[in-house]
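Take a look at the letters that make up each chain.
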Amino acid sequence: MIKHFQNIYAMSEEGARDFGKSIFWTTLLYLSFMLPPVLGFKFLDEYLVSGNPAGRVQPYLILTAIFFAIMFVLAYIQYDSTYTRIYGESARQRLNLAETLRKLPLAFFGKKDISDLSATIMEDATAVEQIFSHTIPQLYASVIIVCLFAVMLFIYNWIMSIALFWVVPVAALVFFLSRKFQGRTQKRLYDQNRNISESVQEELDLIHEIKSYNREEAFAERLNGNLDRYEKTLMTQELLIGVNINLSYMILKLGLPTVILTGAFLLYRGTADFSVFTYLAFLVVASRIYAPMMQCFDDFASLIMLNVRINRMKEMEAMPRQTGTTVFEPQNYDICFNNVDFSYRGDVQTLKNVSFTAKQGEVTALVGPSGGGKSTVAKLSARFWDVDGGRVTLGGEDISLVDPETLLENFSIVFQDVTLFNSSVMDNIRLGRKDASDEEVLEAARLAQCEEFASKLHDGYDTLIGENGERLSGGERQRISIARAILKNAPIILLDEATASLDAENESKIQQALSELTRGKTVLIIAHRMRTVAHADNIVVLKEGQIVETGTPEDLAVQNGIFASMMERQNSEV
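Here is what the cut-offs are and how they apply
- Residues numbered from 1 in each chain as written.
- Predicted model: local features only at pLDDT ≥ 70, side-chain atom pairs only at ≥ 80, totals over all residues.
- Heavy atoms only, no water.
- Helix = DSSP H or I, 4+ residues; strand = E, 2+ residues; numbered from the N terminus.
- Buried < 20%, exposed > 50% of the residue type's maximum accessible area, 1.4 Å probe, protein only.
- Contact = heavy atoms within 4.5 Å.
- Areas by Shrake-Rupley, 256 points an atom, 1.4 Å probe, with all protein chains shown as cover.
- Pairing = 2+ DSSP bridges.
- Axes fitted to C-alpha atoms, helices over the stretch in contact; angles between N-to-C directions.
- Polar contact = N/O pair within 3.5 Å; in protein donor to acceptor, adjacent residues only side chain to side chain.
- Core = buried A, V, L, I, M, F, W, Y, C linked by side-chain atoms within 4.5 Å.
- Salt bridge = Lys/Arg side-chain N within 4 Å of Asp/Glu carboxyl O.
- Phe/Tyr/Trp six-rings, centres within 6.5 Å; stacked < 30°, edge-to-face > 60°.
- Parallel < 35°, antiparallel > 145°, perpendicular 65-115°, else oblique.
- Nonpolar A, V, L, I, M, F, W, Y, C, P; charged D, E, K, R; others polar.
- Left-handed = near helix turned anticlockwise from the far one by under 90°.

Moving on, we get to the overall build of the protein chain. The secondary structure content of the protein chain amounts to 22 helices and ten strands. Taken across its 574 residues, the protein chain has 45% of its residues classed as buried. In the protein chain, the share of contacts with a sequence separation of at least 24, taken over all contacts with a separation of at least 6, comes to 75%. Carbon together with sulfur atoms contributes 57% to the accessible area of the protein chain, which is approximately 30000 Å² in total.

This brings us to the sheet that holds strand β1 (residues 335–342). With antiparallel pairing, the four strands of this open sheet are ordered in space as β2-β1-β4-β5. Looking along the sheet, the strands with just one partner apiece sit at the ends: β2 (351–358) and β5 (397–398). Across five bridges, the pairing between β1 and β2 is antiparallel. Considered in β2, the bridge of F337 is made with F356. Lying over the sheet, helix α14 (residues 374–381) contacts β1, β2 and β4 (389–394), oriented at roughly 120° with respect to β1.

Okay, the side chain of Q322 next. Tracing the chain through its elements places Q322 in the loop between α13 (276–317) and β1. Polar contacts involving the side chain of Q322 include one to the main-chain carbonyl oxygen of R383, which spans 3.4 Å. Here the side chain of Q322 touches D386 through a polar contact of 3.4 Å, side chain to side chain. Ignoring any residue separated from it by four or fewer positions in sequence, one finds Q322 in contact with K103, L104, P105, R383, F384, W385, D386, D403 and P404.

For soluble globular proteins, nonpolar side chains are generally found buried alongside one another. Grouped together as the largest cluster of nonpolar side chains are 40 residues, with contacts concentrated most on I429, C450, I480, V533, I539 and F563. If sequence neighbours within four positions are ignored, C450 has contacts with A445, Y461, R479, I480 and A483.

Residues other than glycine seldom take positive phi values, yet N214 does so here, at roughly 55°. Among the structural elements, N214 can be located in the loop between α10 (207–212) and α11 (216–253). For R383, which is not a glycine, the phi torsion comes out positive at approximately 60°. Structurally, R383 is set in the loop between α14 and β4.

Bringing the environment of V425 into the picture now. Structurally, the position occupied by V425 is in helix α16 (residues 425–430). Separated by 38 residues in sequence, V425 and T463 have C-alpha atoms that sit 6.3 Å apart. Sequence-distant contacts of V425, defined by excluding residues within four places in its chain, comprise L457, G460, Y461, T463, I465 and I480.

Now for the pattern of salt bridges. Evaluated as defined, the whole model comprises nine salt bridges. D427 is the salt-bridge partner of R430, the closest N and O atoms lying 3.9 Å from each other. With R430 and D427 both in helix α16, this residue pair falls three residues apart, about one helical turn. Across the pair R433 and D435 runs a salt bridge, and its minimum N-O distance is 4.0 Å. Via salt bridges that share partners, D427, R430 and D438 belong to a single interconnected network.

Strands sit in the order β6-β7-β8-β3-β9-β10 across an open sheet of six strands; the sheet is mixed. In this open sheet, the two strands that pair with only one neighbour each are β6 (411–414) and β10 (546–551). Strand-to-strand twist of the sheet, defined as the mean angle between neighbouring strand axes without regard to direction, takes the value 15°. As paired strands, β6 and strand β7 (residues 492–496) are joined by four bridges and run parallel to one another. Looking across to β7, one finds that F411 is bridged to I492. Running over the sheet, α14 touches β3 (363–367), β6, β7, β8 (522–526) and β9 (538–543) and is turned about 150° from β8.

So, about the packing of aromatic side chains. Within a pair of aromatic rings, the relevant descriptors are the distance that separates the centres and the angle that separates the planes. On inspection of all chains with the given rule, the structure shows seven aromatic pairs. With a centroid separation of 6.3 Å and 25° between ring planes, the pair formed by Y156 and F282 is classed as stacked. Of this pair, Y156 sits in helix α6 (residues 136–156) while F282 sits in helix α13, and the two are 126 residues apart along the sequence. When its relative accessible area of 46% is taken as the criterion, Y156 is described as partly exposed.

Right, let's get into the packing of helix α1 (residues 2–9) against α13. In contact at an axis separation of 9 Å, α1 and α13 are set at 80° when each is read in the N-to-C sense. Considering the angle they form, α1 stands roughly perpendicular to α13. Contact residues: α1 offers N7, I8 and Y9, while α13 offers L303, L306, I310 and K314. Of the residues contributing to the contact of α1 with α13, the split by class is five nonpolar, one polar and one charged.

With respect to burial, α14 is a largely interior element, six of its eight residues being buried. Among all positions of α14, only K374, T376, V377, A378, L380 and S381 are buried.

It is the contact of α11 with α13, at a shortest axis distance of 10 Å, that shows an interaxial angle of 160°. Classified by the angle between their axes, α11 and α13 sit roughly antiparallel to one another. Crossing of α11 against α13: the hand is right-handed. Judged by residue contacts, I241, I245, S248, Y249, L252 and K253 of α11 engage Y290, M293, M294, F297, D298 and A301 from α13. Considering only residue class, the contact of α11 with α13 consists of nine nonpolar, one polar and two charged.

This brings us to the pairing of β8. Of all the five residues making up β8, five are buried; the element is thus mostly covered by neighbouring parts of the structure. By the alternation rule, side chains of β8 split into T522, L524 and I526 and V523 and I525, which are all buried. Pairing geometry for β3 and β8, over four bridges, is parallel. When the sheet's bridge partners are listed, A365 is paired in β8 with I525. Looking at chain direction, β7 and β8 are connected through five bridges and run parallel.

Following this line, the structure appears as structure tokens:
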């Protein structure tokens, strides 16, 4: 049973055990609710039918008081097992999803919509938590109690029990025949909800471009269209569930008149083992037992919605994670690409048979036309993705066998697109090395030419810079990113258009800082400005995912190839 819960509900083993206990205690609690009425019926049966004296009421009162005390204790235990424990499992599920995301390739987040990921961790996990704490254990307990009650009633009087319960399988059949269609509709509703979230996020991210090109109306129409489709699907889903549940309710309601007619017929026939008291008992039961059955149908509808969310969480947990050894001590920091093939999608190959070595103590520059694969090579060297074919090694060790977090301890990376936090300048730089002292942070900032703009801020280095550094210019944001890399001082430096947002004066100053930073280290630099790579030790020219030229800047300049053409074009533009 524990394995069954783990499989269908994506639970941990501890959570599945807690869930089983929750069902057990909820069932006992519901059973305790039935004991006082059962005692009442037993007392009436003895007093009215058997004619026992009223003095026998005292034992029943004592037993009823004991059962109420038991109900109080069971209610406390059930609350702890159903709510507290399930909330703990919800926390474990969130942490497990977060751990899954932490182990996914970093480049995964560049192609995956963040709204979908955050909604799965927060919205889906919250919905699962709510349903598991308030619905599913109660559903299992209700089914168990109804089955136990049915067995007892069949033993007591099987004819009246048939009259009472014949409606249950019929109502259940009506509901479950539409289960698959409900599941498909719920999945479509779920996907449309995510599309709306993604559209809203996209429009917020691109608000400047939308306004600049007067595309507000077009984007509003697209969003309205998504909302209309969502509303239509939602109405269809609500109508379908409503019709099925209410039809099931109507069928269940037929049980009461069946009990009335059957009981009246048995009394009329004068059946020996059927008394007026038995008739009244079944009438009372019939007036009460269908309510929990109706609640079960409501809970089954919630279970269909739950399956969609659980399947999405299972999809995320099943994503291939990057793992490897956490002990990594390379002999050197040479990065070698050996016949590397790679594609983001199976049908389009991005890199084809790429082989080169970026040696420690040298600057290796990746140049070439846009879309040639330069950024892909840089990301593969840090294991943002795993290669499809060939090998990437660091110090002779295959990086696919090294844990990504352990591997990235050896890299300082400066991307063209800088990401900053809504914190102070000091805190954003300290991201490079969290245990760095203030003096070390300020020295890295000075080398990255951050003093010029930080001194003009209201609180200096303690100034909050807004979400993603919105209060800073592109060049200022890029200098903070460079300061991070200087502070980390890792043996390998990846620079992806690190000075693209800087003016010529500041670029020259930062080039001096980068020269100090890169001394004796493995440097892989991507640049379109030829003067940025003029002093590189080795040039690798990429075109359409293949290496077409390699050599020193001087050697390539006289070969009249792509590099020479790029040099000539940029010199003529100056």
